[in-house]
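Chain by chain, the residues:
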Amino acid sequence: MTTANKILERAFSTRRSPHASDGAEDDGGDDESKTRKHISVAMRVTNYLTRTGYLWPILLIGLIIVIITSVTIHSRDLVCISASSSDHISRLRFFGFDGQESDFGSLGVPWCRSKHGKNVEWTSNDLLKGLEEFVPIYETRPIKNNVYGMGFDHSFGLWFITRWLKPDLMIESGAFKGHSTWVLRQAMPDTPIVSLSPRHPEKYLKKGPAYVDGNCTYFAGKDFVDFGSMDWARVMRKHGIKDRSRVLVFFDDHQNELKRLKQALKAGFKHLVFEDNYDTGTGDHYSFRQICDQFYITGGGHSCFKDSDEARMRFRRKKFWEKAVDIQELCGPGEAWWGVRGHMRDDFNHSNKAITYAEHFQNSRFVESVLDVYWELPPVAGPSLTHQTRYDPARAPSPIVEDGKYSLFRRLGLSQLEASVFNGYTQMVYLQVSEPVT
Ligand SMILES: C[S@@+](CC[C@H](N)C(=O)[O-])C[C@H]1O[C@@H](n2cnc3c(N)ncnc32)[C@H](O)[C@@H]1O
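Residues numbered from 1 in each chain as written. Predicted model: local features only at pLDDT ≥ 70, side-chain atom pairs only at ≥ 80, totals over all residues.

(A) Quick peek at the site of the ligand. In the vicinity of the ligand lie 21 residues, with Gly149, Gly174, Phe176, Ser180 and Asp253 positioned nearest. Of all elements in the fold, only α8 (179-187) and β2 (193-197) reach the threshold of two or more residues within the shell around the ligand. By residue class, the composition of the shell around the ligand is seven nonpolar, nine polar and five charged. (Near = placed C-beta within 6 Å. Helix = DSSP H or I, 4+ residues; strand = E, 2+ residues; numbered from the N terminus. Nonpolar A, V, L, I, M, F, W, Y, C, P; charged D, E, K, R; others polar.)

In structure tokens:
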């Protein structure tokens, strides 16, 4: 029975009160006398109100108060949700997926078109099997706290892709404390690594955990050479590499990805992994996601019209996901939405060049002309499982372990990991490239 009904019921039974206390008379003792006293007061009030004609107006006012109270309580829930962006449960309920379904991809998931529509060989089942194997490996990582470096999702992605491709040489650009070097080593225990990073990972050892690999040639510290300036012919000779399609290059150096793609093509490399494939309107460098986010791609292109559905949806989601952007951040002068407000960022945003939509469009056509495969790693699991609060699911493909599949999440050992390791997902991408057909 609702509160309003109960109050009405009480009011009506009070009017019938001379006979309504039948059961109460059987109770006996002090309680009975209290009840009787109470009824007689109520009776007296009712009789007075009936005589003066105030009974119905008071009942009506009571009903209005009940309705207002229930609306207030309900709306307090909503206020609570928008006031506390860290309230994960509220976030999930607000978007309608309390553990069963989610809204992955509802704002579009752009992708880069490849030359012949080729796809990767691995399936979602392979990814699941890979997860089962990788979780215990990840638990043994030497650098537990890898803030500013890769978290779980991308560590898994790099390990999985590397193990699948089985390269003869692994090149890494951007080592930081050496976590990604360690991941490459787990995937290929005996394969040489070449690592380029301005600061040698051994420097971090003075302050805490870091990883320095015994079978890695470091171009770091005073020996640092940027990927674009390296004499790759000499490096390949030194490692006995005759076929450069047997090399995997991993970029986590926050450089313009179009620049890195052109350098990799020039050097003859074919298998490339980019760690931070930032979404449109985010990040400190120009990424493939941004380049390929075009109107002719399903899920691509943007409206900077402030009354559009997209603008409303983005505004709402910005309050809940740290990496979600609204059109204020996405759109620049002249409704420029490509890159970050129309900028092509490079080198951790130290270089920041405005480009026109025509240039941006040409960049996407160039990327398409060299792409054989484009594959974005999905997030490992939905946010109701990982409790991640950063990436917006509306801009991501469906996760490997979907929301609601808690027993699978637990069986894979993912529930043992701290929530913070799931906060670094930025659409890691694997590209297979070749020179454009002329
Ligand atoms: C995000 S961190 C890399 C994280 C690392 N891959 C991991 O998983 O922990 C970026 C690294 O790129 C390095 N870096 C900066 N400029 C670079 C460049 N031009 N070439 C290679 N690395 C660069 C930085 O010093 C930093 O160590």
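Next comes the rest of the account.
(B) Quick look at the environment of Glu402. By the element assignment, Glu402 lies in the loop between α15 (383-386) and α16 (406-411). Owing to 19 C-beta atoms within 10 Å, Glu402 belongs among the partly exposed residues under this scheme. Note: C-alpha distance between Glu402 and Pro379 (23 residues apart in sequence) is 9.4 Å. (Buried ≥ 20, exposed ≤ 12 C-beta atoms within 10 Å, placed from the backbone.)

(C) Broad picture of the nonpolar core. Counting 82 residues, the largest nonpolar core has Met170, Leu184, Val249, Phe250, Leu272, Val273 and Val380 as its most contacted members. Sorting elements by how many residues they give to this core places helix α7 (residues 152-165) first, with six residues. Discounting chain neighbours no more than four positions away, the residues touching Val380 are Leu131, Phe152, Asp153, Phe156, Pro399, Ile400, Val401 and Leu414. (Core = buried A, V, L, I, M, F, W, Y, C linked by C-beta atoms within 7 Å. Contact = placed C-beta atoms within 7 Å.)

(D) Up close: the environment of Arg365. Here Arg365 shows up in helix α14 (residues 357-370). As a C-alpha pair, Arg365 and Cys112 span 253 residues in sequence and 9.6 Å in three-dimensional space.

(E) Representation of α14. In this model, α14 (14 residues) spans 20 Å end to end at C-alpha, consistent with the 20 Å of a helix rising 1.5 Å per residue. Among the residues of α14, His360, Asn363, Ser364 and Val367 are the ones counted as buried. Each buried residue of α14 lies within a common arc of 95° when the element is viewed along its axis, so the set occupies one face. Residues of α14 that are exposed and point over 90 degrees away from its buried face: Ala358, Gln362 and Arg365. (Expected span 1.5 Å × (residues − 1). Arc of directions from axis to C-beta.)

(F) Quick peek at α7. The end-to-end C-alpha separation of α7 is 20 Å, in line with the 20 Å expected for 14 residues at 1.5 Å each. Here α7 lies mainly inside the structure; eleven of its 14 residues are buried. The complete set of buried residues in α7 reads Phe152, Asp153, His154, Ser155, Phe156, Gly157, Leu158, Trp159, Phe160, Ile161 and Thr162. On the buried face of α7, the contacting elements are α6 (124-138), β1 (169-173), α8, β4 (247-251), β5 (271-274) and β9 (429-433). Within two residues after α7, Lys166 carries a phi angle of roughly 50°, on the positive side.

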